[in-house]
Amino acid sequence: PIYSPEIEDVEPSALRLSWRQPSVAKKSKATYSVEMLEPSTWKWRPLVSRLPHPSYKVSNIEPTKDYLFRVRAEVDSVITEPSFSISFSNRREFTKPVAKTKALPTVPVERPTLSDVYDDSVRVNWHPTSYHGANRKNLPQAYRLEVRELPDSYWRTLVPYTDQSSYEVTDLRPNQDYAFRVRTVTDTGMSEPSLPVYHYRQAATPKFPLPSPEIADIGDDYISLGWKLVDIPAFDVDETPLSFMIEAQKLPDYDWRPVARGVTGMSHKVTGLEPRQDYNFRLRGETPVGVTQPSLPTSLYRRPLVSGVPIANMSVDRDSTQPYAAQLRWSPAYIQPYKTTRDLKYQIEVQEPHHSDWSLVARDIPTTTYTVPELSPRKDYLFRIKAQLPTGSLSAPTTPIPFYRLSAAPSPQPALTFPTEDYSSINRPYIESLILKVPPRMSIEKPEMTVLSPDTVRLNWKSARVPAATANISPTTYRVEVRHEDSFEWMERATRIPGLTTDIKGLNPHIDYAFRVRAVNDFGWSESTLPVFLHRPQDYKDTSYDQMFEPIETYTSLLGDTAPPKMPIDTPRMGLVQGTTMRLSWTPARIPLYARKTPITYLIEKKEPHDQDWVMIASQLDDTAHTIPNIKPEQDYLFRVRAENEFGISEATLPAALTRSKTPHFIRSSASRERELDIGGNKWSSTYSYIDSVSSGGKQAHCL
């Protein structure tokens, strides 16, 4: 910085500042800028810039205010640090000689600096105050050093009187933050304090993300988390100690919600967890201006990980370096639904000829390759691999892969015959039939989805590609497949769609879905598009977390081939009552894809106002419609349908109501009991259809 300015030519409302030209300005052309500070505002503001000479006259000086001035130099587009400031007070009488004035310096000392920082001591340095009208010989200066222990707001005197411009402070506590400031002491009093300088000695929480919390203890309904602070200074001079907020995420949901606020320690116990629910936890710091960025999440897995056949692309080759060894390779396991496990280990099993038992060859293999040594050259072998899950259990084994060592007995070679040349013309129709009879090719892009209502969506997709000649032989249609959030099985929802759009109706408003599309013709079907997902709002999912689109097939059922039929949950459809009979129809049931196909029959149950239980009125029905006899003219009824095969009976459909009175209290009360008792707590949006024979025309109505 350049030298401090000097005050000359003092007038009642003006003064002149002058300063020495820096040595660097003699070689390069320099310009200057003057800045002024009023103690009442504590803000520096520029007065003038680009001065070509080291002098400037300041006007409009008010007699009741004090001022502070400093100068900067600009050389070759580089601005220097500011000079030491000089103060000016216009409150003195100008009739008295300047040398005899003893004015109280109202402008504070500049902010102190710190040096020689050690574990228990630090040196505080400051510059002497230079102000207009003071005579240093006749008016010696002294200083007062004050200290404040953060976060307290009380300043106490550390050194009441010293004529030095530095002081070494000792006996500092290791984990205590301090602030220091200086005052000028004269025979007329003390000046205002300087700006404080801070000495931070304890860890503080920054605004950038904190480290991940660590799991200290786990229980059925609680988890104990701990974390550490980052050892850097705080980012505000008077900031209060921070607190922390813990957020939790239920997997596989996307939303984070706070589970604890205002935590001031380095650990916390989170309670109220679900025993079989997976969670992610993360940490945020709470400051007076908001919260910090979240830390990296820490995962807590409570559900057992289920894996079908997680290992693929298994191969076995001879090892060129060892004549009696086999080298196995496979792809790493992928365990749904979270991530590819990095710490997964594997075990290898072998089966020898004429033995049905599998023997363990190696376990705890961390890689996806292994060499099995010392195999017999006269035996064939079968190998398979299992993955060791993080829970300690083993996954399902891979399909056995053979390793043949014995050569087959030589068989008599047939006599060599040479084919005769065939110079006949090519059978072009046969060749063209092979080229034309190809399945369509579908674009991999996701279909576009529009939500029309909570139970209806509209899908649009791009046209499949197929040769024009093939399209003339077999038209292309489309098939929509659906999968809900708790199933890995894709089910056909709509088939034989001729256009590029369709509406999917009858969806459960509380369940997430995935949709994809395939193109189909007489020669096969295309690959499916990428799935498009329908995510429900979290409020809907929380109110019906336990309900399912249909009973979910467990891992055990997927491996079997027997299952009862699945009946749609919609309401049977009733025709008009003709005399004492009524026609009832319903949607067909289906057999799950993994089960063996068996004949399906249906049974019909009814319920009257005074009945406590459902009564079966028809069974072993092969058709999806039936005429119900003996309908009483003034009687109210409820009807429902079940499907059955040799392996069991399905769940019942929602009941259809036939009411014959103006106020069908029985229908409404029975419907309420069905929702509470028969459905078992699933909060489906139930719909009951009924025929009101009293209303005009006998029109069919619907009651929600």
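Residues numbered from 1 in each chain as written. Predicted model: local features only at pLDDT ≥ 70, side-chain atom pairs only at ≥ 80, totals over all residues. Heavy atoms only, no water.

### Description of the confidence of the model for the protein
Atomic detail in the predicted coordinates should be set aside for any region of low pLDDT.
Right, so step 1: For the protein, the mean per-residue pLDDT works out to 77, and 74% of the residues sit at or above 70.
Right, so step 2: In this model, residues 543–560 is a region of pLDDT below 50 whose contacts with residues beyond four sequence positions or in other chains number 40 contacts.
Right, so step 3: Low confidence marks residues 671–704, where pLDDT is under 50. Its contacts with residues over four positions away, or in another chain, come to 70 contacts. (pLDDT = per-residue confidence, 0-100. Contact = heavy atoms within 4.5 Å.)

### Observations regarding the pattern of salt bridges
Right, so step 1: Tallied over the entire structure, the rule returns 28 salt bridges.
Right, so step 2: A salt bridge links Arg 458 to Asp 503; the shortest N-O distance between them is 2.7 Å. You can see Arg 458 sitting in strand E33 (residues 456–460) and its partner Asp 503 sitting in strand E36 (residues 501–504), a full 45 residues away along the chain.
Right, so step 3: In this structure Arg 458 comes out as partly exposed when scored by relative accessible area, which is 34%.
Right, so step 4: The class of Asp 503 is partly exposed, set by a relative accessible area of 31%. (Salt bridge = Lys/Arg side-chain N within 4 Å of Asp/Glu carboxyl O. Helix = DSSP H or I, 4+ residues; strand = E, 2+ residues; numbered from the N terminus. Buried < 20%, exposed > 50% of the residue type's maximum accessible area, 1.4 Å probe, protein only.)

### Quick word on the packing of aromatic side chains
The geometry of an aromatic ring pair comes down to the distance between the two centres and the angle between the two planes.
Right, so step 1: Summed over all chains, the structure comprises 14 aromatic pairs.
Right, so step 2: Here the aromatic cluster, defined as three or more aromatic residues joined through ring pairs, consists of Tyr 381, Phe 383 and Phe 403.
Right, so step 3: The ring of Trp 155 is capped by Arg 181, whose NZ or CZ atom sits 4.2 Å from the centre of that ring.
Right, so step 4: Sitting over the face of the ring of Trp 490, Arg 516 holds its NZ or CZ atom 4.1 Å from the ring centroid. (Phe/Tyr/Trp six-rings, centres within 6.5 Å; stacked < 30°, edge-to-face > 60°. Lys NZ or Arg CZ within 6 Å of the ring centre and 35° of its normal.)

### Brief notes about the sheet that holds strand E9 (residues 113–115)
Right, so step 1: Reading across from one edge, E9-E10-E13 is the order of the three strands in this open sheet, with antiparallel pairing throughout. This sheet does not close on itself; its edge strands, each paired only once, are E9 and strand E13 (166–169). Ignoring which end each strand starts from, the neighbouring axes of this sheet average 30° apart.
Right, so step 2: Sheet analysis places E9 next to strand E10 (residues 122–125), joined by three bridges and oriented antiparallel. (Pairing = 2+ DSSP bridges. Axes fitted to C-alpha atoms, helices over the stretch in contact; angles between N-to-C directions.)

### Observations concerning the sheet that holds strand E40 (residues 573–574)
Right, so step 1: Spatial ordering of the open sheet is given by E40-E41-E44, a layout of three strands whose pairing is antiparallel. Single-partner strands in this sheet number two, and they are E40 and strand E44 (625–628).
Right, so step 2: Bridging between E40 and strand E41 (residues 582–585) involves two bridges; their strand directions are antiparallel. Opposite Met 574, over in E41, you have Leu 584 as the bridge partner.

### What to know about unusual backbone geometry
The general pattern is negative phi for most residues beyond glycine and trans for most peptide bonds.
Right, so step 1: Backbone torsion omega between Leu 150 and Pro 151 reads 5°, so that peptide bond is classified as cis.
Right, so step 2: If you trace the backbone, Pro 151 turns up in the loop between strand E11 (142–149) and strand E12 (156–162).
Right, so step 3: Looking along the chain, the bond that leaves Leu 251 and enters Pro 252 is cis, with omega of 5°.
Right, so step 4: Residue placement: Pro 252 occurs in the loop between strand E19 (243–250) and strand E20 (257–263).
Right, so step 5: The backbone of Asp 364 shows a phi angle near 55°, a positive value even though the residue is not glycine.
Right, so step 6: In this structure, Asp 364 sits in strand E28 (residues 359–365).
Right, so step 7: Judged by its relative accessible area of 42%, Asp 364 is partly exposed.

### Quick look at the environment of Leu 158
Right, so step 1: Relative to the elements of secondary structure, Leu 158 occurs in strand E12.
Right, so step 2: Among the residues examined, Leu 158 registers a relative accessible area of 27% and is labelled partly exposed.
Right, so step 3: Separated by 11 residues in sequence, Leu 158 and Val 169 place their C-alpha atoms 8.7 Å apart.

### Description of the nonpolar core
Right, so step 1: With 22 residues, the main nonpolar core has Leu 584, Trp 586, Tyr 602, Ile 604 and Phe 639 as its most contacted residues.
Right, so step 2: Counting residues per element, the ones that place at least two in this core are E41, strand E42 (601–607), strand E43 (615–621), strand E45 (637–645) and strand E47 (656–658).
Right, so step 3: Among the elements that line this core, the one with the most residues is E45, at four residues.
Right, so step 4: One finds Ile 7, Val 58, Phe 69 and Phe 88 within the second-largest nonpolar core, a separate group that totals 20 residues. (Core = buried A, V, L, I, M, F, W, Y, C linked by side-chain atoms within 4.5 Å.)

### With respect to the pairing of strand E8 (residues 86–89)
For a regular strand, side-chain orientation follows a simple rule: the groups alternate between the two sheet faces.
Right, so step 1: Residues Ile 86 and Phe 88 of E8 are buried on one face, and the alternating residues Ser 87 and Ser 89, pointing to the opposite face, are buried as well.
Right, so step 2: Inspection of the sheet shows strand E6 (residues 66–75) paired to E8 by four bridges, in the antiparallel sense. By the bridge assignment, Leu 68 is partnered in E8 with Ser 87.

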